[in-house]
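Listed here are the chains, written in short residue letters.
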Amino acid sequence: RPRNASPLRASDRRRNTHKPPHLTNLPLHLLINCTFLSNHRLQPPPKPQLPAINRQIDMRRALVAHALLHLGQDRPVLLKRVLHIFGHHRAQGGIIGADIAQLKPIVARLTLGDGRHEIQAVHDKHIIVQRPINTTGSGGREHALAAALNRDTTLEELHVAPGNPGIAEIALCHAIDTTDNNVVVELAKKLNIDLVVVGPEKPLVNGLADALNKANIACFGPSKAAAQIEGSKDFAKQVMRDAGVPTAKSFTCNNQKEIEKALDTFGAPYVVKHDGLAAGKGVVVTEDRDLAIEHALQSPQVVIEEFLDGPEVSLFGISDGTTVIAMQPAQDFKRAFDGDLGPNTGGMGAYSPLPWAPDEIMEETLDKVLNPTIQEMAARGTPFVGLLYAGLALTSRGTKVIEFNARFGDPETQVVLARLNSSLSELLLAAATGKLSSLPEL
Ligand code: AMP
Ligand code: GLY
């Protein structure tokens, strides 16, 4: 078992009344977010990448098993079909939307990448920037964004920076260095871009939205200051405290004495979070106190918090800084391996809708989480423009926020956008230009 795997089984932890039932025959959207290679569409990757890809194949199997358990499908038959198809399609990226009963169309929509470059996307009027795809096997989120933007018939062009072969089928790709804000701004100016949509958190935390806004280019994504809601767990806790948003009790610790005191205050299971960006790898949930201390000491500042029971739900709020619109909820699976026994990942897979979730979940999250947080950010002089991702735990003591992210969730985006009927580009442009209140309902 990996060192940071919790000895807890999911079934031990999920003790409340909202336990998801088996979801047989529901029209679900399944996403598999892993790394594959494609023999026929991609050059073979350089040799040093192969071990990483092999690890991803294990994750892929775990995810398929996980999805099947939750979806109540005929596991052996479906697993055989999935592995058969994937045995012949190795590609980098994710698989977006589709009915689980139709695996072949899902596979046809594989997002591809070459494993060496960052993915980027732009549009005559939209840019999507994505992190290097060889880090976490992503690519599905930006492909899903590009695909949803591309559905809009009023859109003239879609550009992506740097793009991948899957995205290149629906957008114009530009191989630029997306870690350099000036380079992205220059490209947007050259192409006369109306709106830039930033996919991952890193460019936001590095101030890409500020650089674009300074050049009078609309950006869907928060400023550097507002992106701290994802960039620092401690900052997010302060905002939640000031906004009265329900979340786990926590301590922010900077040395071993504080760490041990906090761990002993809450007791096991211990929840330890590195304060800064960690691509989904900074959190450990464990019964093992020594392991909790070891993980905590790897970061100069950590947040240690009480354990929250109950299933998790991801709910996106689209905000223009004052108004916020909630999107449909999704559920993702963060831990690798069957039975949730593996380490936390950035997200193994997701599905939506959630027929087991309480009916009022969107309204409740708007009232108790999204609106108060957006108002608090505005009151601090750092309005949040972009996507506020609320990671929720439906606990036996009510809904609580586990985390905030400052961008579209990956892989939830792939399943949520597949269900969006209205125009994504209109929605994101309205958010980026302060006009959300004038939009009709989604
Ligand atoms: P985060 O990056 O804060 O979302 O944490 C990653 C994952 O760790 C979450 O999706 C949960 O599965 C788990 N986790 C985080 N905080 C808690 C908590 N307070 N109680 C139980 N599980 C947690
Ligand atoms: N799926 C988790 C995340 O996007 O952070």
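Residues numbered from 1 in each chain as written. Chains lettered and ligands numbered in written order. Predicted model: local features only at pLDDT ≥ 70, side-chain atom pairs only at ≥ 80, totals over all residues. Heavy atoms only, no water.

1. Concerning the overall build of the protein chain
The number of helices and strands found in the protein chain is 17 helices and 18 strands. Looking at the 442 residues of the protein chain, the share that counts as buried comes to 59%. Sequence separation of at least 24 residues holds for 69% of the intrachain contacts in the protein chain that already meet a minimum separation of 6. If you sum the accessible surface of the protein chain, you get close to 17900 Å²; carbon and sulfur atoms cover 50% of it. (Helix = DSSP H or I, 4+ residues; strand = E, 2+ residues; numbered from the N terminus. Buried < 20%, exposed > 50% of the residue type's maximum accessible area, 1.4 Å probe, protein only. Contact = heavy atoms within 4.5 Å. Areas by Shrake-Rupley, 256 points an atom, 1.4 Å probe, with all protein chains shown as cover.)

2. Regarding the site of ligand 1
As a matter of local geometry, ligand 1 sits amid 14 residues, with Lys 273, Glu 305, Leu 308, Glu 312 and Glu 403 nearest to it. At 2.8 Å, a backbone N or O of Leu 308 approaches a nitrogen atom of ligand 1. Between Glu 312 and ligand 1, the recorded distance is 2.4 Å, taken from a side-chain N or O atom to an oxygen atom. For ligand 1, the accessible surface in isolation is 470 Å², of which the surrounding protein chains cover 95%. If you list the elements that add at least two residues to the shell around ligand 1, you get β10 (270-274), β11 (283-286) and β18 (398-405). (Near = heavy atom within 4 Å. Polar contact = N/O pair within 3.5 Å; in protein donor to acceptor, adjacent residues only side chain to side chain.)

3. Describing empty space enclosed by the protein
Taken as a whole, this structure holds 4 cavities of 30 Å³ or more when the rule is applied. As a volume, the largest cavity reaches approximately 80 Å³. Looking at the largest cavity, it is lined by 13 residues, and the ones nearest its centre are Lys 233, Ala 236, Ile 402, Glu 403 and Phe 404. Broken down by secondary-structure element, the contributors of at least two residues to the lining of the largest cavity are α11 (228-231), α12 (233-243), β12 (302-305) and β18. (1 Å grid on protein atoms, 1.4 Å probe; cavity = no way out; pocket = protein on both sides within 12 Å on 5 of 7 lines; lining within 4 Å. Points joined across faces, edges and corners; volume = space filled by probe spheres on them.)

4. Regarding the confidence of the model for the protein chain
With 64% of its residues at a pLDDT of 70 or more, the protein chain shows a mean pLDDT of 71. Within the model, pLDDT remains below 50 along residues 1-138, and this stretch shows 391 contacts once partners closer than five positions in the same chain are excluded. (pLDDT = per-residue confidence, 0-100.)

5. Observations regarding the nonpolar core
Formed by 45 residues in total, the largest nonpolar core has its most connected members in Leu 212, Ile 229, Phe 384 and Phe 404. Phe 404 has contacts with Ile 229, Glu 230, Ala 236, Met 240, Val 369, Thr 373, Leu 388, Tyr 389 and Ala 390, leaving out every residue within four places of it along the chain. With 33 residues, the next largest nonpolar core counts Ala 218, Ile 325, Leu 420 and Leu 428 among its residues. (Core = buried A, V, L, I, M, F, W, Y, C linked by side-chain atoms within 4.5 Å.)

6. Here's the deal with the packing of aromatic side chains
Applying the stated rule across the entire model yields 4 aromatic pairs. Centre to centre, the rings of Phe 220 and Phe 408 are 5.9 Å apart; their planes meet at 45°, and the pair counts as tilted. Linking Phe 220 in strand β8 (residues 218-220) with Phe 408 in the loop between β18 and α16 (412-417), this pair joins segments that are 188 residues apart in sequence. Here Phe 220 and Phe 408 have matching classes, each one buried. In this structure an aromatic cluster arises from ring pairing among Phe 220, Phe 316, Tyr 389 and Phe 408. A cation over an aromatic ring shows up here: Arg 407 above the ring of Tyr 389, its NZ or CZ 6.0 Å from the ring centre. (Phe/Tyr/Trp six-rings, centres within 6.5 Å; stacked < 30°, edge-to-face > 60°. Lys NZ or Arg CZ within 6 Å of the ring centre and 35° of its normal.)

7. Observations concerning the pairing of β12
Burial along β12 is two-sided: the face carrying Val 302 and Ile 304 and the face carrying Val 303 and Glu 305 are both buried. When strand β9 (residues 250-253) meets β12, the two strands line up antiparallel, connected through 4 bridges. Across the sheet, residue Cys 253 finds its bridge partner in β12, namely Val 302. Direction of pairing for β10 relative to β12: antiparallel, over a ladder of 4 bridges. Each residue of the ladder has a partner; that of His 274, found in β12, is Val 302. (Pairing = 2+ DSSP bridges.)

8. Topic: the sheet that holds strand β13 (residues 312-320)
What the 4 strands build is an open sheet, ordered β14-β13-β17-β18; its pairing is antiparallel. Unpaired on one side and paired on the other, β14 (324-326) and β18 mark the two borders of the sheet. Strand-to-strand twist across the sheet, computed as the mean angle between neighbouring axes with direction ignored, equals 30°. Here 9 bridges tie β13 to strand β17 (residues 385-395), and the two strands are oriented antiparallel to one another. Across the sheet, residue Phe 316 finds its bridge partner in β17, namely Tyr 389. Lying on the sheet, helix α15 (residues 361-379) is in contact with β13, β14, β17 and β18; it crosses β17 at an angle near 125°. (Axes fitted to C-alpha atoms, helices over the stretch in contact; angles between N-to-C directions.)

9. Looking at the pattern of salt bridges
Inspection of the entire model under this criterion finds 14 salt bridges. Arg 289 serves as the salt-bridge partner of Asp 264, at 2.9 Å between the closest nitrogen and oxygen. Of this pair, Asp 264 sits in helix α13 (residues 256-266) while Arg 289 sits in helix α14 (residues 289-296), placing them 25 residues apart in sequence. Residue classification places Arg 289 among the partly exposed positions, given a relative accessible area of 26%. A salt bridge links Glu 306 to Arg 397; the shortest N-O distance between them is 3.9 Å. Taken as a pair, Glu 306 in the loop between β12 and β13 and Arg 397 in the loop between β17 and β18 lie far apart in primary sequence, 91 residues in all. Connected through salt bridges with shared partners, the residues Arg 241, Asp 242, Glu 376 and Arg 380 form a single ionic network. (Salt bridge = Lys/Arg side-chain N within 4 Å of Asp/Glu carboxyl O.)

10. Considerations on the pairing of β10
Burial of β10 is extensive: 5 of the 5 residues sit out of reach of the surface. Side-chain alternation along β10 places Tyr 270, Val 272 and His 274 on one buried face and Val 271 and Lys 273 on a second face that is also buried. As paired strands, β10 and β11 are joined by 4 bridges and run antiparallel to one another. If you follow Lys 273 over to β11, its bridge partner there is Val 283.

11. Some words on the environment of Thr 382
Along the chain, the position of Thr 382 falls in the loop between α15 and β17. With 61 residues separating them along the chain, Thr 382 and Gly 321 place their C-alpha atoms 8.6 Å apart.

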